[in-house]
Amino acid sequence: MLETVTLEHVPTSHSVHVAVFRNVTNAEFLQSQLLSRNADFEYAFIDASTVISRFHLLSAVYKAITVELSGSMKTPNVHSEIISEAYRRYGIQPSTKDVVVVKVLISRDDAPSTATSEDVAKHLETHVQGDPAPFSDDELARLTDWSKLRKYHKLNGVNYVEGIKDEQTKKRELELLVVSAMSLRGL
Amino acid sequence: MTAAATTTAPQPIPAPVPDPSPPEPSIHDFPLPSALLHPSSEPPTLITQGAEGRVYRTTWVDAGRECALKHRPAKPYRHPVLDARLTRHRILSEARILQKCRREGVAVPALYGVDEAAGLLALEWIPGAPVRVCVNGWIARRKERRRRLADGAVGDESKAQEGQDNSEPAVVAEVTADEEGADVLMDLLRRMGEAVGRLHKSGVVHGDLTTSNLMLRPWEKGKAPSNGHAETEQAAEESLDGEIVIIDFGLASQGTADEDRAVDLYVLERAFGSTHPKAEGLFPVVLDGYRGTFKGAPVVLKKLEDVRMRGRKRSMLG
């Protein structure tokens, strides 16, 4: 269920691979691998309840890649950069049920990578105990915890959104507000 | 970055092909932003070029999502540290103002990404045409209609009147509020005023309001009022129906001073008069639309009278 995603304006040296797992039973183990900086577990494990859509997640991935390319990362690697508040808010928690996993494979002339998406898929299959699910907007929407997101992004005072009757339009407005807020975070 | 300043250029110019060995940068040289040197499904196109930078139309994150990418390149003639600081400040200011507007429900482009170090701002692509194009299109169609009518009348009546064509003044006459078909134009002007009013209400002053910086976007699903249903770009442009979206916040600032708000209206009034001289007499409809949008609007309109008396710049005397 690992999907290789082509992002716009990303050099061919970088490839992005995403998988979704539901009903994950070993979130605590996965988090501990991250915290101990186990190089074999260099992934962005994200709590799916904090993800709105493909665009939301991939915006974060794109930003992390541009930061990595410019050589101005504030965290150890591109994966932790994806979620600037990784290990805390968006990162996996022991209690996390559903997980979105992102792997960015980077192959440079001076540091060629031999890893393939098959290797990544196999490794995840072995170590993530959960049900593979599609990386689709529908699936992600089902897993989103809006009360959490509204709190993180201070969206509760945004009255005009509440006035939008069409549910789809309302969700889209909220998605764009979150993406905007994310792009301004830390600046 | 005044997209407004360019009155022509509806046709996007293809972006320059990245040169593998770029020449030394000069004042007149705008290199492509580094982000656009990487592969994308469609090549970026250059939309406008102003003194401060360029706007490209390109894709963002996924191939199906269009964006307007604003680039403020480094200025080689400016001290690098100062330049970086100024660019960063302007990019961030524009980004924060856009986000503030969106949180307040003012129709402006959504913010997709900010790279203040690279001088880049990625914004939601707004479909539709600038109000400038829509109003000029309406006036051109009116003229065409009147010319046809006049030609027909001449043909029907006597050939004798040809030459001293007295129908010509009607063809080029100024638009009046009570003429046939002016209702859609008046409605558009009212919505313009309301859009500016909502912007001011949210605590933002635009700084460069023109009919080029107001887009007429086809109604999005779920947002159209019961009487509006132009949901395609062409329908919106021809019927003047659609949602007004304010763009280009490069000169915008946060504030609620009546003076600044009045200057905003004054700049729009002057720009409107010179861009659409035939419709200049209808500008008060914009102000009517503005009047009802927030409590302080009448005070701003009063202030506008003062600003008109002295012009945009505040007097240094007294």
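Provided above is the structure to which this section pertains.
Description of the structure in this document.

What counts as what
Residues numbered from 1 in each chain as written. Chains lettered and ligands numbered in written order. Predicted model: local features only at pLDDT ≥ 70, side-chain atom pairs only at ≥ 80, totals over all residues. Heavy atoms only, no water. Contact = heavy atoms within 4.5 Å. Buried area = accessible area lost by both parts, 1.4 Å probe. Salt bridge = Lys/Arg side-chain N within 4 Å of Asp/Glu carboxyl O. Polar contact = N/O pair within 3.5 Å; in protein donor to acceptor, adjacent residues only side chain to side chain. Helix = DSSP H or I, 4+ residues; strand = E, 2+ residues; numbered from the N terminus. Buried < 20%, exposed > 50% of the residue type's maximum accessible area, 1.4 Å probe, protein only. Pairing = 2+ DSSP bridges. Phe/Tyr/Trp six-rings, centres within 6.5 Å; stacked < 30°, edge-to-face > 60°. Lys NZ or Arg CZ within 6 Å of the ring centre and 35° of its normal. 1 Å grid on protein atoms, 1.4 Å probe; cavity = no way out; pocket = protein on both sides within 12 Å on 5 of 7 lines; lining within 4 Å. Points joined across faces, edges and corners; volume = space filled by probe spheres on them. Nonpolar A, V, L, I, M, F, W, Y, C, P; charged D, E, K, R; others polar. Core = buried A, V, L, I, M, F, W, Y, C linked by side-chain atoms within 4.5 Å. Domains from an automatic or database assignment.

## Side note on the interface of chain B and chain A
- Counting residues at the interface gives 34 residues for chain B and 31 residues for chain A.
- The largest per-residue losses of area from chain B upon contact with chain A belong to V61, R102 and R103 of chain B, which jointly make up 26% of the total buried on that side.
- Counting across the chain B and chain A interface gives two salt bridges.
- E124 of chain B is paired through a salt bridge with R172 of chain A; the nearest N and O atoms lie 3.0 Å apart.
- Taken together, chain B and chain A are joined by 13 residue pairs in polar contact (both at pLDDT 80 or more).

## Focus on unusual backbone geometry
Residues and elements named next belong to chain B.
- With a phi angle near 60 degrees, L240 is a residue other than glycine that sits in the positive phi range.
- Topologically, L240 is positioned in the loop between α5 (233–239) and β10 (243–246).
- Phi at D248 takes a positive value of approximately 60 degrees, unusual for a residue other than glycine.
- By secondary structure assignment, the location of D248 is in the loop between β10 and β11 (253–254).
- Given a relative accessible area of 12%, D248 falls into the buried group.

## Considerations on the pairing of strand β2 (residues 14–22) of chain A
Residue and element names in this part refer to chain A.
- Counting buried positions over the nine residues of β2 gives seven, a clear majority of the element.
- Looking at chain direction, β2 and strand β4 (residues 99–106) are connected through eight bridges and run antiparallel. Note that in β4 the partner of S15 across the bridge is L105.
- By the bridge criterion, three bridges tie β2 to strand β5 (residues 131–133) in an arrangement that is antiparallel. Bridging from a neighbouring strand, F21 pairs with P132 of β5.

## Re the environment of P11 of chain A
- Mapped onto the fold, P11 of chain A is located in the loop between β1 (3–5) and β2.
- Look at P11 of chain A and you get buried, because its relative accessible area is 10%.
- With residues up to four places along the chain from it excluded, the contact list for P11 of chain A reads L69 of chain A together with H38 and P39 of chain B.

## Quick word on the pattern of salt bridges
- Tallied over the entire structure, the rule returns 27 salt bridges over all chains.
- Residues R172 of chain A and E173 of chain A are paired through a salt bridge, measuring 3.8 Å at the closest nitrogen-oxygen approach.
- Classification of E173 of chain A as buried rests on a relative accessible area of 2%.
- Residues E116 of chain B and R88 of chain B are paired through a salt bridge, measuring 3.1 Å at the closest nitrogen-oxygen approach. Residue E116 of chain B is located in the loop between β5 (111–115) and β6 (120–124), and its partner R88 of chain B is located in helix α1 (residues 80–103); the two are separated by 28 residues in the primary sequence.

## Side note on the packing of aromatic side chains
- Applying the stated criterion across every chain yields a total of seven aromatic pairs over all chains.
- An angle of 70 degrees between the planes, with centres 4.8 Å apart, marks the rings of Y62 of chain A and W60 of chain B as edge-to-face. On the criterion of chain membership, the pair formed by Y62 of chain A in helix α2 (residues 54–70) and W60 of chain B in strand β3 (residues 54–60) is interchain, its members lying in two chains. The burial state of Y62 of chain A is the same as that of W60 of chain B; both residues are buried.
- Through a chain of ring-to-ring contacts, the aromatic side chains of F29, F41, Y43 and F45 of chain A assemble into a single cluster.
- Positioned above the aromatic ring of Y43 of chain A is the side chain of K103 of chain A, whose terminal nitrogen or guanidinium carbon lies 5.3 Å from the ring centre.

## A word on the side chain of K75 of chain B
All names here are of chain B.
- Of note, K75 is situated in the loop between β4 (62–71) and α1.
- With relative accessibility at 8%, the residue K75 sits in the buried group.
- Beyond its immediate chain neighbours, meaning those up to four positions away, K75 contacts A51, E52 and D83.

## Brief notes about the layout of surface pockets
- What the largest pocket holds in volume is close to 980 Å³.
- Taken together, 43 residues make up the lining of the largest pocket; nearest its centre are K63, A64, T66 and V67 of chain A together with V114 of chain B.
- Broken down by secondary-structure element, the contributors of at least two residues to the lining of the largest pocket are α2, α3 (78–82) and α8 (167–184) of chain A together with β5 and β6 of chain B.
- When residues in the lining of the largest pocket are grouped by element, the largest group, 11 residues, is from α2 of chain A.
- Along the lines of polarity and charge, the residues of the lining of the largest pocket split into 24 nonpolar, 13 polar and six charged.

## Remarks on the nonpolar core
- Core analysis: the largest hydrophobic core is formed by 58 residues, its most contacted members being M192 and F249 of chain B.
- For this core, the element with the most residues is helix α4 (residues 182–201) of chain B, which contributes nine residues.
- Counting residues domain by domain, this core receives three or more from each of domain 1 (3–125) and domain 2 (127–318) of chain B.
- Leave out the neighbours within four places in its chain, and M192 of chain B touches V131, T211, L214, I244, L268, F272 and V286 of chain B.
- Core analysis: the second largest hydrophobic core is formed by 45 residues, V16 and A48 of chain A together with L36 and L120 of chain B among them.

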